[in-house]
Amino acid sequence: MGKSSLIKPVLGVEYPIISHGKGVFLYDAFGKEYLDGCSGAVTANIGHGVEEITKSMVEQAEKVSFVYRSQFTSDAAEQLALKLSDLTNGDYPWSFFVNSGSEATETAMKLAIQYWQEKGKPQKNRIISRWMSYHGITLGALSMSGHPVRRERFTEILESYPAISAPYCYRCPLHLERKSCGLACANELEAAIRRIGADHVAAFIAEPVIGAAGAAITPPDGYFQKLKQICEKYDILFIADEVMTGMGRTGKILASEHWGVKPDIVTLGKGMSGGYTPIAATIVSDPIIQTILQGSRVIMGGHTFSANPLSCAISLAVLNHLTKHNIAERAAIAGVYLKNKLHLLEQKYSFIGDIRGKGLLLGIEFVQNKKTKEPFPLVASITNTVIKLAMEHGLLLYPAAAGEEGVTGAAIIVAPPLTITEKEMDELVSRLEAVFEEWSEKHLLNVNE
Ligand code: PMP
């Protein structure tokens, strides 16, 4: 390829040029077919090339694409807010639209801090989060993220928000057994709040199922209920980062529903538009907005493109498509089917240590030894090797934890569009099996060299 001025994620690497997509498949300029086994970045939830959505783009573009949110609202933005409120049973009647998941978590953080300012407690301004978490790449969101690799270059200018351990039962960070642990990782929240002082803590933020930092780490029952109780006891807001898990990905509209927990603030992104347009949202429970309404009334946040009618109309069409075709319910059923098939691979290959996740957000963790759970050395770049091989085999997978020496193992996320059929899931697993076959034949023997 000749000289190019586009900065790619990894400089010097050649990326295939994509031509088009349909359903769960993408096609590059050479006509090569890829089964989208990870919905891009766990985003293309309703699949590629849905005509209903492209129609909605044209319809809105013919009316108006952009108005500035400080001057106008639009039918599209109002209807989208209403749709999100309906989808969440009226628990979040307020929506603030932004352009990315990172901005949504930044907004959630700022709203939580503002809430306490309006209540006359400006010193309640710290956020507690967990190690093994990812809330975004902007500096506020990265400060909340317990993702060492993404933090390390910027450590000096980040706040040290991550404070408590993740519910990573496969390799418990507290070295406890699930049966007798008493959910000690959740209890760490109480200890952290006491250490910092409840008067200084605005909110606790967590992903219901940990995505990029851990490959679909799913907490045990009772974990989120306990965290919510602790938040209530110390008057601390609970923010659920549902950027990856929200809008049906785990088989429910919000993943927090699995545990019957209602966060005070929820962030959404990715599946909210299925990738058809950049849009994300911070959805907020009534008491928080009422407090601001009775106070300064101004929310210091937002961006030029926030709530632009074109993106709102597209997101609305995606969410209407989601409900019309019961896609969240279908994801729950498909998730069981796919997980069972992955468990069959787990029996076959000694390097699969754990299969986990909910709905169609599934994770595979690799080990050198199933019994001892010994992870591969980081230098072996297991995640990258598998992802690269998969691409050669026409299968897209999402790299999650690259593996942090002694803390996490190398892992990948399998998260196809929620519309995937059984036949397509069979095809996905058969391509994955071909990848594992080639990997064990050609690469696995050399990882310790
Ligand atoms: N939160 C979570 C849980 C995410 O998975 C991501 C993206 N991987 C983000 C926030 C950041 O979203 P974005 O990349 O759209 O800024």
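Presented here is a report on the structure given in the accompanying data block. (Residues numbered from 1 in each chain as written. Predicted model: local features only at pLDDT ≥ 70, side-chain atom pairs only at ≥ 80, totals over all residues.)

1. Re the overall build of the protein chain
Moving on, step 1. Per the secondary structure count, the protein chain includes 13 helices and 14 strands.
Moving on, step 2. Against the 2.2 N^0.38 benchmark of 22 Å for 449 residues, the protein chain shows a C-alpha radius of gyration of 22 Å, consistent with a compact globule.
Moving on, step 3. Principal-axis analysis of the C-alpha atoms places the extent of the protein chain at approximately 65 × 55 × 45 Å.
Moving on, step 4. Per-residue burial over the protein chain gives 50% buried out of 449 residues.
Moving on, step 5. In the protein chain, the share of contacts with a sequence separation of at least 24, taken over all contacts with a separation of at least 6, comes to 73%. (Helix = DSSP H or I, 4+ residues; strand = E, 2+ residues; numbered from the N terminus. Rg over C-alpha atoms; globule rule 2.2 N^0.38 Å. Buried ≥ 20, exposed ≤ 12 C-beta atoms within 10 Å, placed from the backbone. Contact = placed C-beta atoms within 7 Å.)

2. A short note on the sheet that holds strand β12 (residues 361-366)
Moving on, step 1. An order of β11-β12-β14-β13 is seen for the four strands of this open sheet, with the pairing classed as antiparallel. Each of the sheet's edge strands pairs with one partner strand only, and the pair in question is β11 (352-358) and β13 (398-399).
Moving on, step 2. Pairing of β12 with strand β14 (residues 411-414) involves four bridges; the strand directions are antiparallel. Along β14, the bridge assignment pairs glutamate 365 with alanine 411.
Moving on, step 3. Contacts from helix α11 (residues 327-348) reach β11, β12 and β14 within the one sheet, and its direction differs from that of β11 by about 175 degrees.
Moving on, step 4. Against the sheet, helix α12 (residues 382-392) engages β12, β13 and β14, with an angle of about 40 degrees to β14. (Pairing = 2+ DSSP bridges. Axes fitted to C-alpha atoms, helices over the stretch in contact; angles between N-to-C directions.)

3. Describing unusual backbone geometry
Across the chain, the bulk of peptide bonds are trans and the bulk of non-glycine residues have phi less than zero.
Moving on, step 1. The backbone of asparagine 89 shows a phi angle near 55 degrees, a positive value even though the residue is not glycine.
Moving on, step 2. Tracing the sequence through the fold places asparagine 89 in the loop between α3 (75-87) and β4 (94-98).

4. Considerations on the site of the ligand
Moving on, step 1. Close to the ligand lie 16 residues; Ser100, Gly101, Ser102, Val243 and Met244 are nearest.
Moving on, step 2. Here the shell around the ligand gets three residues from one element, more than from any other, and that element is helix α4 (residues 101-118). (Near = placed C-beta within 6 Å.)

5. A short note on the nonpolar core
Moving on, step 1. Membership of the largest hydrophobic core comes to 133 residues, with the highest contact counts inside it found for Ala112, Ala203, Phe204, Leu237, Ala281, Ile412 and Ile413.
Moving on, step 2. Counting residues per element, this core draws most heavily on helix α10 (residues 309-324), which supplies nine residues.
Moving on, step 3. In this structure, leucine 237 is in contact with Ala112, Tyr115, Ala202, Ala203, Cys231, Asp264 and Ile265, ignoring residues within four places of it in sequence. (Core = buried A, V, L, I, M, F, W, Y, C linked by C-beta atoms within 7 Å.)

6. Re the sheet that holds strand β2 (residues 25-28)
Moving on, step 1. Spatial ordering of the open sheet is given by β1-β2-β3, a layout of three strands whose pairing is antiparallel. Of all the strands in the sheet, the pair left with one neighbour each is β1 (18-22) and β3 (33-35). Sheet twist, expressed as the average angle between the axes of neighbouring strands with direction ignored, equals 25 degrees.

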